[in-house]
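Spelled out from the first residue to the last, the chains are:
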Amino acid sequence: MNSRSRDLDVVVYGATGFVGRLTAEYLAQHAPEGTRIGLAGRSVERLEQVRAELGPEAADWPLLRADATDESSLRDLAAAAHVIATTVGPYAKYGLPLVRACAEAGTDYVDLTGEVLFARESIDRFHDTARSTGARIVHSCGFDSIPSDLGVHVLNRQVQADGEGSLTDTTLVVKMRGGVSGGTIDSMRTQLDVVKHDAKLRRLAASPYSLSPDRSAEPDLGRQPDVSMMVRGSDIAPELRGWKAPFVMAPFNTRVVRRSNALSGWGYGREFRYREVMSVGSSFASPAISVGVGAVLGGLMAGLSFPPTRWLLDRVLPKPGEGPSEKSRQQGYFTTDAYTRTTSGARYMSRVSAQGDPGYAATAVMLGESALSLALQHDDLPESPGGVLTPATALGDVLVDRLRAAGFTIEVRRM
């Protein structure tokens, strides 16, 4: 970053939305004393209401009016802070002008996107600009895709420390309790609408290396399907029982992890193959449940693509800005276990887990701590000239340590 003399350390943009409010609440309760935080959004009156509900810690937080359709207001927003944390999506509709403003101003940026095409366009248009100013543009700093990205990051760090070569076949197994947010559903709608009419974008979205900095330099590892309909647990690791189901976020998370590998000079290895699946238990019914999960996901995507069924689904699926009750958020949890075998034949597993609904409560912690990593520990971050980065390459061990201090489990063990 060119300048460390901004008026504010962190601004939460979209603070009147559901996850934005949760992030502001987390920062009010957990940001170190003296951290200069502001709230931004279209309506100062609504921001005042949010600030009033955050308690005395936020009483003096500045309020900034900013609108995704007003690029002048976004430039002012980017100039005001070291870090902008934005929850304003779908990002394909509303996100690129803010990325531009931050990249040009040398302002660090974090968001919650799970949108492949948005991330690709951000890379193509603003990576070089951000490198020239030193801005770290860090997409996907929530449940998409921090558990995946940091899980493989710490796995690789331990393998390297032990001198056991590099990573090869690696599978992340997800266990979770929590709902899909209205924002995630809206992002799915947006991308489906775009690719439906553009064959080139359909091919781009389907490519396992769609977020690679240089797809021609990627190793030829054959087919890498990002949605595996059924995977036998013992094919992942001898200890695992039952069958594993497709994971709805795999098509995005896998691309982020592959980008981390490429940005690090293929630091995970040129033979690194990566996939994600979801645990549905280990009972005799797990094969049938896995098939059922796949059918539901396929039906959801087909339904959102077909106007009559989409109209019906839109009436029952969660809307953007909606979310579960506080009790439901507290009862949620997630655990992601990444299993790998190295080129030396050693086997390892990493675990990232936390209490709290993954898409809401846990995501607010991840976004908040990502912003604080950039704002308060900039000199401790992985060496980088800036650019459109990933959580692992931009934040690395700083974020690992902060999340552990916030109550997350992040660990690695040799199998």
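Residues numbered from 1 in each chain as written. Predicted model: local features only at pLDDT ≥ 70, side-chain atom pairs only at ≥ 80, totals over all residues. Heavy atoms only, no water.

- Per an unreviewed UniProt entry, the chain is named Enoyl-ACP reductase, and its organism is Rhodococcus xishaensis.
- Checking UniProt for the chain, the heading Sequence similarities (unreviewed entry) contains the comment "Belongs to the saccharopine dehydrogenase family. Enoyl reductase subfamily." (UniProt positions renumbered as here; feature names shortened; annotations may be inferred.)

**Remarks on the environment of D111**
Alright, step 1. One can find D111 in the loop between β5 (108-110) and α6 (116-133).
Alright, step 2. As a C-alpha pair, D111 and V12 span 99 residues in sequence and 10.0 Å in three-dimensional space.
Alright, step 3. Beyond its immediate stretch of four places on either side in the chain, D111 contacts T86, Y91, F118, V138, H139, S140, C141, G142 and L367.
Alright, step 4. At 2.8 Å, the side chain of D111 forms a polar contact with the side chain of Y109. (Helix = DSSP H or I, 4+ residues; strand = E, 2+ residues; numbered from the N terminus. Contact = heavy atoms within 4.5 Å. Polar contact = N/O pair within 3.5 Å; in protein donor to acceptor, adjacent residues only side chain to side chain.)

**Observations regarding unusual backbone geometry**
Alright, step 1. Along the chain, G89 connects to P90 via a cis peptide bond; the corresponding omega equals 0°.
Alright, step 2. Examined against the element boundaries, P90 turns out to sit in the loop between β4 (81-86) and α4 (91-94).
Alright, step 3. Across the junction of D144 and S145, the peptide omega takes the value 5°, indicating a cis bond.
Alright, step 4. Its place among the elements puts S145 in the loop between β6 (136-138) and α7 (146-162).
Alright, step 5. Even without being a glycine, W266 presents a positive backbone phi close to 55°.

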